[in-house]
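One letter stands for each residue in the lines below.
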Amino acid sequence: MLDELKSIEKDGLATLEKVASEADLQAWRTKHLGRNSAVMQAFKNLGALGKDERPAAGQAANQVKVALEGALAKRETALKAGRVAQSLETEQVDVTLPGRRVPLGRLHPVTQTMREIRRIFAEMGFQVYRSRDVETDVYNFQLLNFPPNHPAREMQDSFYVEGGSDENPLLLRTHTSPGQIHAMREAVARDPDNPSPVRIILPGMCYRYEQITARSEIQFTQVEGLAVGKRITFGDLKGTLSDFARRFFNPDVRTRFRASHFPFTEPSAEMDVECFVCGGEGCPVCKQTGWLEILGSGMVHPNVLRNGGYDPEVYSGFAFGMGPERLTMLRYRIEDIRYFWRNDLRFLEQF
Ligand SMILES: [Zn+2]
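These remarks concern the structure in this document. (Residues numbered from 1 in each chain as written. Predicted model: local features only at pLDDT ≥ 70, side-chain atom pairs only at ≥ 80, totals over all residues. Heavy atoms only, no water.)

### With respect to the pattern of salt bridges
Operational definition: Take a side-chain nitrogen of Lys or Arg and a carboxyl oxygen of Asp or Glu: if they are within 4 Å of each other, that pair is a salt bridge. Note on conventions: DSSP H or I runs of at least 4 residues are helices, E runs of at least 2 residues are strands, and numbering of each starts at the N terminus. Each residue gets one of three labels from its accessible area relative to the maximum for its type: buried under 20%, exposed over 50%, partly exposed in between, using a 1.4 Å probe on protein chains only.
A full pass over the atoms with the stated rule returns 14 salt bridges. Notably, a salt bridge pairs Arg29 with Glu76, separated by 3.7 Å at the nearest N-O pair. Taken together, the residues span a long stretch of sequence, with Arg29 in helix H2 (residues 22–33) and Glu76 in helix H4 (residues 54–90) at a distance of 47 residues. Residue class for Arg29 comes out partly exposed when judged on its relative accessible area of 29%. One salt bridge in this structure joins Glu123 and Arg247, with 2.7 Å as the shortest N-O distance. Remark: Arg247 occurs in helix H8 (residues 234–248) and Glu123 occurs in helix H5 (residues 109–123); sequence separation between them is 124 residues. Classification of Glu123 as partly exposed rests on a relative accessible area of 49%.

### Comments concerning the nonpolar core
We count it as follows: Here, nonpolar core means buried Ala, Val, Leu, Ile, Met, Phe, Trp, Tyr and Cys residues that are tied together by side-chain atoms lying within 4.5 Å of each other. What makes two residues a contact is simply this: any of their non-hydrogen atoms within 4.5 Å.
Judged by nonpolar contacts, the single largest core of 40 residues is most densely connected at Phe121, Phe320 and Met322. Counting residues per element, the ones that place at least two in this core are H5, strand E6 (219–229), H8, strand E8 (265–274), strand E9 (291–300), strand E10 (316–322), helix H10 (324–332) and helix H11 (345–348). Setting aside residues up to four positions removed in sequence, Met322 forms contacts with Ile117, Phe121, Thr221, Gln222, Val223, Phe244, Ile294, Leu295 and Leu327. Counting residues in hydrophobic clusters, the runner-up holds 24 residues, among them Val198, Ile200, Tyr315 and Ala319.

Okay, here's the thing in structure tokens:
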């Protein structure tokens, strides 16, 4: 029995020397240490031995098993180390290869225009005022002097949302103008006897329930402006907006004001800039007129001032509104407003 155990150990260690792969190692483990291996059989056969032989044989069998297990662990470690060394050899990093460029995002062209508008008006002392996208009918229309049957109030022009009442439904704002009322009322609430002047721009998203075409979208941005104080005149309006046009387009651009009509201003005017494509000569972009319309404006209507809490006998103001999409389209000669929402990288990566 003891001789047999010696030869089991010798045989096991000899074949382990030749094991060179993970699979061979597993096979060796089954053959030499598994349930049916010679050493395990030796344990089973102990019972057949005489009482005085049994302890020595049991001890010897155990020593063989421990020796084989120890050798297996060593061999396993050696194989692993060999693999690591091999992979370091074959998978070298070529440090001279150029790095992979991480794709960088960029600002949407309309966002760029918005930021530029904000920067220019900030230099002129206008602060940014933000207000909610969901408005009540009262703020979106009534307080801004929209007559009850004004076409803009028709169902097809507004996205109504749940939660309002029949008399005062909730809707997605159709323009940023409701912010004018919020801003004026806040200034009056701070100091009712002597409200501070207001000089703000109101940038934000607007929504209209319209057919989507190359020229109109159902959501778009607007930048509104409002100045309220004592002795503010139409001359201030013209000066501020002409200065804006010179800073935004070019220092020599000419502007002109044409009479227009908006419910919340009186008098009202649209401002044109000289066509920067043809320099005023006439071209397809300006439809041969030499001028491009860029914004609407006017003196704040007395009713709107009153609704904001300012006495129109004492205070006056001007307001204006422009569309960053339109300005961006004019500047880069983009012919279809739908590109802005299409998320086509070929379009977006040009800016
Ligand atoms: Zn032109």
